[in-house]
Amino acid sequence: MLIRLTYLSRATRDMSLQDIQDILTIARDNNQNSNICGMLCYDQRYFLQTLEGEREDVNELFLDIADDPRHDAVVIVGYEYIDATTFGAWDMGFAPASEQFYALLNDVGQNTFDPRELSQEQAVRFLSNLSKQ
Ligand code: FAD
């Protein structure tokens, strides 16, 4: 049974590019082994991430991620059953804040990245559009 879990969280400190790279290196390795795909973005100290895969695998990974001391205030934005993955091309895509990032953010009604104000539909649409850049 395939699911998509989307959550937001707040970094416990400012993340450098190297910090993000460290997360992506382990994420890409682990996710490939568990057939999990998704997309991560980071700005204004907020993370927004979606994870897609088999329900047990995604649930287990999410519990590990939620425990990670690099972030806190973890909030599940959406949890849904899906027929097929949207982020299949990415074991974990990442989009840094950029002109394009802000253009896509405008499409979901924001000028400043604040995932706490996004609905599940908006969050997934934003991440999906980012993954196609
Ligand atoms: P270890 O790497 O040995 O980790 C042991 C413990 O230390 C864990 O609690 C881990 O969270 C913590 N830890 C590891 N590195 C650091 C560090 N540099 N600073 C502080 N604490 C650290 N992992 C994935 O596999 N897939 C993902 O998609 C994914 N997405 C993530 C998104 C975010 C926003 C964050 C913050 C982390 C993400 N991670 C992801 C990393 C994940 O939380 C675990 O670090 C990773 O799964 C490896 O954990 P481990 O227990 O197997 O091994």
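Residues numbered from 1 in each chain as written. Predicted model: local features only at pLDDT ≥ 70, side-chain atom pairs only at ≥ 80, totals over all residues. Heavy atoms only, no water.

1. Considering the sheet that holds strand 3 (residues 46-54)
If you walk across this open sheet you meet the five strands as 4-1-3-2-5, and the pairing is mixed. At either end of the open sheet lies a strand with only one pairing partner, and these are strand 4 (71-81) and strand 5 (93-96). Taken over all neighbouring pairs, the strand axes of this sheet differ in orientation by 15° on average, direction set aside. As paired strands, strand 1 (residues 2-11) and strand 3 are joined by nine bridges and run antiparallel to one another. Its bridge partner lying in strand 3, Ile-3 is registered against Gly-53. Lying over the sheet, helix 2 (residues 55-66) contacts strand 1, strand 3 and strand 4, oriented at roughly 155° with respect to strand 3. (Pairing = 2+ DSSP bridges. Helix = DSSP H or I, 4+ residues; strand = E, 2+ residues; numbered from the N terminus. Axes fitted to C-alpha atoms, helices over the stretch in contact; angles between N-to-C directions. Contact = heavy atoms within 4.5 Å.)

2. Description of the site of the ligand
Lining the immediate environment of the ligand, one finds 17 residues, of which Asn-30, Asn-31, Gln-49, Asp-68 and Arg-70 sit closest. Take Arg-70: an N or O atom from its side chain is 3.1 Å from an oxygen atom of the ligand. Here the ligand has 890 Å² of accessible area as a free molecule, and 65% of this is covered by the chains. Of all the secondary structure elements, the ones that give two or more residues to the shell around the ligand are helix 1 (17-33), strand 3 and helix 2. Looking at the shell around the ligand element by element, the count peaks at five residues for helix 1. (Near = heavy atom within 4 Å. Polar contact = N/O pair within 3.5 Å; in protein donor to acceptor, adjacent residues only side chain to side chain. Areas by Shrake-Rupley, 256 points an atom, 1.4 Å probe, with all protein chains shown as cover.)

3. Side note on the side chain of Asp-43
Its place among the elements puts Asp-43 in strand 2 (residues 37-43). Arg-10 provides the closest opposite charge to the buried, salt-bridge-free Asp-43, at an N-O distance of 9.9 Å. Residues within four places of Asp-43 in sequence aside, it is in contact with Ala-97, Phe-101, Tyr-102 and Phe-113. (Buried < 20%, exposed > 50% of the residue type's maximum accessible area, 1.4 Å probe, protein only. Lys, Arg positive; Asp, Glu negative; His and termini not counted. Salt bridge = Lys/Arg side-chain N within 4 Å of Asp/Glu carboxyl O.)

These values are about where atoms sit, not about what they do.
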